[in-house]
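Structural description and commentary
Chain by chain, the residues run as shown.
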Amino acid sequence: MTCSHSSPATSQRPWLISFSGVVKCYPGGQEALKGVSFSIGPGEFAFIAGHSGAGKSTLLKLIPAIERPSAGAILVNGQNVGSLKRHALPYLRRNLGLVFQDQKLLYDRSVYDNVMLPLAFGELGAREAAGRARAALEKVGLLAREKANPTQLSGGEQQRLAIARAVVNRPSVLIADEPTANLDADSAASILEIFAAFNQVGVTVLVATHDEALIGRFATLVLRLAKGSLVE
Amino acid sequence: MRTWLRQHRQAIAAAFGKLAAQKSAALLNALVIGIALSLPAGGYAVLFSLRQVTLGATLEPQLSVFLRAEAKRAEADALGARLKGDARVGEARFVSREQALKELQATEGLAEVVAALNRNPLPDAFVVRPKAAPGADGASLDALARDLRALPGVAHVQVDSAWARRLGALAGTARLAVALLAALLAFGLVAITFNTIRLQILTQRAEIEISKLIGATDAFIRRPFFYLGALQGLTGGLLALAILGGSLAALNVGVAELAASYGSGFRLTFLAPGDALAVVLFSAGLGWFGAYLSVSRYLLEIEPK
C-alpha cells in the first residue's frame with residue numbers, strides 16, 4: 001500500500017506533525033489514505049484541501065488518534081501516535097485543539113460550561129480555570145453570551161464557541177475539520193480570522209476545507225488530497 | 001493531590017446532580033433496593049432478637065433426676081454420692097423440694113397457684129450435667145438417663161435442653177436462609193445499579209464522546225458513575241433501615257402483647273449501630289460494584305468518531 005504522489009517526511013527541521021507513508025483502510029477494504037507523507041512545522045497555517053471523499057477528515061482524525069493508521073507513521077510533537085496506548089491518548093488530545101464541522105457542543109450546558117469542560121480534568125484551580133475560560137470566550141467574542149445556551153447561538157457563534165473550547169487548554173496545534181462548511185461567507189471569514197489570530201501567536205493551525213476562496217486568503221501551506229493521495 | 005481531590009469533589013457533585021435531575025426514577029430505584037435489603041436485614045434483626053432469648057437458655061444437655069415424693073434425705077444423699085461416682089456425670093447439683101418451690105413461686109403468674117397449695121407437691125431432685133465427652137451424642141445421653149431411672153429412689157428422669165438445642169438448630173437454619181436471601185438480593189441490587197448506570201451512560205453518550213475527544217481520561221469519565229452507583233446504594237440502604245425500623249415498631253405492638261401473656265418483656269430489637277452501618281455500607285459498596293461492572297462493560301464501547 002504505497003502512494004506515488006507523496007514523498008517521505010524529512011527531518012531537517014523540528015516538525016510538529018509528520019506523516020510518513022500513512023495508509024488508512026476501513027473495514028470492507030475502502031482505502032481512505034494511500035501512503036500519505038507530509039510535514040508541518042511549528043507556527044504554520046496549513047490547509048488540507050480536496051473534494052468530498054478525498055480523505056481530509058480521515059487524515060485529521062488520525063492526528064488525535066480518533067482513527068489509527070493501517071500502515072505508516074504519524075508523529076505529533078515527536079510522539080508516534082499510531083503506537084500510543086489507550087491510556088496515553090487523553091494526554092495527546094489535551095495538546096491538540098479540535099474543532100469539528102458539527103461543533104460537538106453540549107447543548108444542556110451553558111456557553112461558559114462548555115468552555116470549562118476541558119479544564120475540568122486539567123491541573124488548574126477553580127479561579128484560574130474560570131479566568132482561562134473567560135479569556136477564551138473573549139477572544140472569540142462570546143464573553144457577553146457566557147450564560148446563554150448553545151442552542152441560542154447562531155451557527156457562526158456555535159463554531160466560535162467550539163474554537164474557544166478548543167483553545168482554552170492553550171494547545172500547540174489547532175485542528176479544524178470543515179469549520180466553515182455550514183456558515184455564510186462573512187461568518188466563515190470571521191472564523192478563519194480567529195484561526196489566523198491564534199496562528200499569529202504561535203499556534204499551528206491545520207484546517208480541512210473545500211472552500212478555495214478561504215485557502216487563497218489565509219494559507220501558508222496547502223496539502224491537496226484527491227482519492228486518498230496527496231496531489232500537491 | 002489537590003487536583004485529584006477537586007476532581008472527586010466534582011464527580012460527587014455531578015452524581016448528586018444526576019440524582020436530583022431524575023428524582024422520581026432515583027427514588028424508585030432506591031426504594032426497590034431498600035425493600036430488597038430490608039428483607040434480609042429484617043430477618044437478621046428477628047434472629048438477633050430471638051438469639052437473646054436462646055442465650056438465656058442453656059444449650060448444654062442436662063438431665064433432671066426427680067426422687068420419689070416420699071424419699072428421705074438420706075436416700076437423696078446416697079443417690080448424690082452414686083451420681084458423683086459415675087464417670088459419665090460431670091456435675092450433679094441437688095435441688096431440694098423447698099428450693100424448687102421457692103423457684104416456682106418466683107415464676108411470673110404462678111405465685112398465687114403455689115400459695116393455694118396445701119402442701120409442697122414437688123420432689124427433691126438432682127440436676128445432672130453429663131461430662132462433655134468427645135463424640136457424646138443423643139444416644140449416650142439416653143443411655144445415661146435409662147441407667148439413672150434404674151437407681152433406687154428415682155421416680156423420673158427428664159432430659160432437659162432438647163428444646164433449646166432444637167431452637168438453636170432452627171435458628172442456625174434460619175440464619176443460613178437469611179444469608180442466602182441476602183446473597184440473592186445482593187445480586188439483585190447489583191443488577192439494578194448495573195442497569196441504571198447503563199441507561200445513564202447511554203443518555204450521556206454524546207457527553208462521554210466529547211469528553212474523550214478533548215482529553216478526559218477514562219478514570220475521569222468513570223468517576224461520576226461510580227459515585228452515582230454508590231449513592232443509589234447508600235440511599236437504598238438508608239431506606240432499608242427506615243423500612244425495617246417502621247416494620248419492627250409495627251410488629252412490636254403485637255409481639256409485646258403476646259410476650260406479656262407469657263409474662264415476658266420480649267421485643268424485636270432494631271439492628272445494633274454497627275450492624276445498621278454495615279447494611280448501609282454494604283449497600284453502597286454493592287451500588288459501586290454494579291456501577292463498576294456497567295461502566296467496564298459499556299464505557300469502552302463509546303469512542304469518538
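Rules used throughout
- Residue numbering note: each chain is counted from 1, following its sequence as written.
- In the order they appear in the text, chains get letters beginning with A and ligands get numbers beginning with 1.
- Restriction of local features to residues with pLDDT of at least 70 applies here, the model being predicted, together with a cutoff of 80 or more for giving and counting side-chain atom pairs; totals for whole chains, interfaces and linings are based on all residues.
- To obtain the side-chain values, all non-hydrogen atoms of the structure were used and water was disregarded.
- Numbering of helices and strands runs from the N terminus, with a helix taken as a DSSP run of H or I at least four residues long and a strand as a DSSP run of E at least two residues long.
- Each radius of gyration reported is based on C-alpha atoms, and the globular scaling rule is 2.2 Å times the count of residues to the power 0.38.
- Burial classes: relative accessible area under 20% of the type maximum marks a residue as buried, over 50% as exposed, and values in between as partly exposed (1.4 Å probe, protein chains only).
- Throughout, a contact is declared for two residues whenever any of their heavy atoms are within 4.5 Å.
- Criterion used throughout: strands pair if DSSP finds at least two bridges between them.
- Just to be clear on terms, a salt bridge is a Lys or Arg side-chain nitrogen sitting within 4 Å of an Asp or Glu carboxyl oxygen.
- By convention a nonpolar core is built from buried Ala, Val, Leu, Ile, Met, Phe, Trp, Tyr and Cys residues, the set being connected through side-chain atoms within 4.5 Å.
- Domain segmentation is taken from an automatic or database assignment of domains.
- Accessible area, probed at 1.4 Å, shrinks when two parts are joined; the buried area is that loss added up over both.
- Each polar contact in these results corresponds to two N or O atoms within 3.5 Å; when the atoms are within protein, one needs to be able to donate a hydrogen and the other to accept it, and residues that are neighboring in sequence are counted only if both atoms are side-chain atoms.
- Residues are grouped as follows: Ala, Val, Leu, Ile, Met, Phe, Trp, Tyr, Cys and Pro are nonpolar; Asp, Glu, Lys and Arg are charged; all remaining types, including Gly, are polar.
- Points on a 1 Å grid, built from protein atoms alone, make a cavity when a 1.4 Å probe fits but cannot get out and make a pocket when they are open with protein on both sides within 12 Å along at least 5 of 7 lines; residues with an atom within 4 Å of a point are the lining residues.
- Grid points are joined across faces, edges and corners, and a volume is the space filled by probe spheres set on the points.
- An expected span of 1.5 Å times one less than the residue number is assigned to each helix.
- The angle between axes fitted to the seven-residue stretch ending at a residue and the seven-residue stretch beginning at it gives the bend at that residue.
- Here a Phe, Tyr or Trp ring, Trp counted by its six-membered ring, pairs with any other such ring whose centre lies within 6.5 Å, and the pair is stacked when the planes are under 30 degrees apart, edge-to-face when over 60, and tilted otherwise.

1. Re the overall build of chain A
- Looking only at helices and strands, chain A features seven helices and 10 strands.
- A globule of 232 residues ought to have a C-alpha radius of gyration of about 17 Å, and chain A, at 17 Å, matches this closely.
- Each principal axis of the C-alpha atoms in chain A carries an extent, and together these give about 50 × 40 × 35 Å.
- Classification of the 232 residues of chain A by burial places 56% in the buried group.
- Counting only contacts in chain A whose residues sit at least 6 apart along the sequence, the fraction spanning at least 24 positions is 71%.

2. Describing the pairing of strand β7 (residues 173-177) of chain A
All names here are of chain A.
- In terms of residue burial, β7 counts as a mostly covered element, since five of its five residues are buried.
- Neither face of β7 is left uncovered, since the one carrying V173, I175 and D177 and the one carrying L174 and A176 both have all their residues buried.
- As defined by bridge partners, strand β6 (residues 96-99) adjoins β7 across four bridges and the pair is classed as parallel. The partner of G97 across the bridge, within β7, is L174.
- In this sheet, strand β8 (residues 204-209) lies alongside β7 in parallel orientation, the contact comprising five bridges.

3. Section: the environment of B:L281
- Relative to the assigned elements, B:L281 resides in helix α10 (residues 273-298).
- Between the C-alpha atoms of B:L281 and B:L238, which are 43 residues apart in sequence, the distance is 9.6 Å.

4. Looking at the pattern of salt bridges
All names here are of chain A.
- For the structure shown, the criterion picks out 17 salt bridges over all chains.
- Residues E178 and K56 are paired through a salt bridge, measuring 3.6 Å at the closest nitrogen-oxygen approach. Of this pair, E178 sits in the loop between β7 and α6 (185-200) while K56 sits in helix α1 (residues 56-62), and the two are 122 residues apart along the sequence.
- Judged by relative accessible area, which is 8%, E178 ranks as buried.
- A residue is classified by how much of its surface remains accessible, and K56, at 6% relative accessible area, is buried.

5. Topic: the sheet that holds strand β5 (residues 79-80) of chain A
Residue and element names in this part refer to chain A.
- With respect to topology, four strands assemble into an open sheet ordered β2-β1-β4-β5, the strand pairing being antiparallel. Each edge of the sheet is formed by a strand with only one pairing partner; in this case those strands are β2 (31-40) and β5.
- Pairing geometry for strand β1 (residues 17-25) and strand β4 (residues 71-76), over five bridges, is antiparallel. Its bridge partner being in β4, V23 is matched across the sheet by A71.

6. Focus: the nonpolar core
- One finds A:F19, A:L59, A:I63, A:L206 and B:I201 to be the most contacted residues of the largest nonpolar core, which totals 61 residues.
- Among the nonpolar cores identified, the runner-up in size contains 44 residues, and A:A148, A:V168, A:I194 and A:V207 belong to it.

7. Digging into the domain arrangement of chain A
Residue and element names in this part refer to chain A.
- Entries for chain A in the domain assignment read domain 1 (13-95 + 171-232) and domain 2 (106-170).
- Placing a centre on the C-alpha atoms of domain 1 and another on those of domain 2 gives a separation of 23 Å.
- Taken residue by residue, the interface counts 11 residues in domain 1 and 12 residues in domain 2.
- Taken over both partners, the interface formed by domain 1 and domain 2 buries close to 1000 Å², and the fraction arising from carbon and sulfur atoms is 74%.
- Counting the surface domain 1 buries against domain 2, the share from its top three residues, R94, P171 and F198, is 49%.
- For the pair domain 1 and domain 2, the number of links is zero salt bridges.
- Inspection of the region where domain 1 meets domain 2 yields two residue pairs in polar contact (both at pLDDT 80 or more).
- The biggest single contributor to the side of domain 1 that touches domain 2 is α6, with five residues.
- Across the side of domain 1 that touches domain 2, the residue classes break down as eight nonpolar, two polar and one charged.

8. Re the domain arrangement of chain B
- Domain boundaries assigned for chain B yield domain 1 (2-56 + 173-301) and domain 2 (62-160).
- Between the C-alpha centres of domain 1 of chain B and domain 2 of chain B there is a distance of 53 Å.

9. Remarks on the interface of chain A and chain B
- The partner chain B presents 20 residues to the 22 residues of chain A that form the contact.
- Between chain A and chain B, roughly 1900 Å² of surface is buried when both sides are summed, and carbon and sulfur atoms account for 55% of that area.
- The largest per-residue losses of area from chain A upon contact with chain B belong to A:R86, A:R93 and A:F121, which jointly make up 32% of the total buried on that side.
- Within the residue set of the side of chain A that touches chain B, elements represented by two or more residues are α2 (89-94) and α3 (111-120) of chain A.
- Here the residues of the side of chain A that touches chain B sort into 13 nonpolar, one polar and eight charged.

10. A look at the layout of surface pockets
- In this model, the largest pocket occupies a volume close to 770 Å³.
- If you go around the largest pocket, you meet 30 residues; those closest to its centre are A:R109, A:L117, B:A14, B:E207 and B:F220.
- Broken down by secondary-structure element, the contributors of at least two residues to the lining of the largest pocket are α3 and α4 (126-139) of chain A together with α1 (2-21), α8 (205-213) and α9 (218-261) of chain B.
- It is α1(B) that provides the largest number of residues to the lining of the largest pocket, a total of six residues.
- Taken together, the residues that form the lining of the largest pocket break down as 16 nonpolar, six polar and eight charged.

11. Some points on unusual backbone geometry
All names here are of chain A.
- Positive phi, normally seen in glycine, also occurs at R170, with a value near 50 degrees.
- Counting through the fold element by element, R170 comes out in the loop between α5 (155-167) and β7.
- Positive phi is not limited to glycine here, since K227 has a value of about 50 degrees.
- With respect to the helices, strands and loops of the structure, K227 is situated in the loop between β9 (221-226) and β10 (229-230).

12. Some thoughts on α9(B)
Residues and elements named next belong to chain B.
- With 44 residues, α9 extends 63 Å between its outermost C-alpha atoms, agreeing within 8% with the 64 Å of an ideal straight helix rising 1.5 Å per residue.
- Maximum bend of α9: about 35 degrees, positioned at N252.
- Positioned one or two residues after α9, G263 has a phi angle of 70 degrees, which is positive.

13. Considerations on the packing of aromatic side chains
Residues and elements named next belong to chain B.
- Summed over all chains, the structure comprises nine aromatic pairs over all chains.
- For the ring pair Y44 and F48, a centre distance of 6.3 Å and an interplane angle of 25 degrees mean the geometry is stacked. Residue Y44 and its partner F48 are located together in helix α2 (residues 23-56), separated by four residues, close to a single helical turn.
- Every member of this aromatic cluster is reached through a ring pair, and the members are F226, Y227, W288 and Y292.

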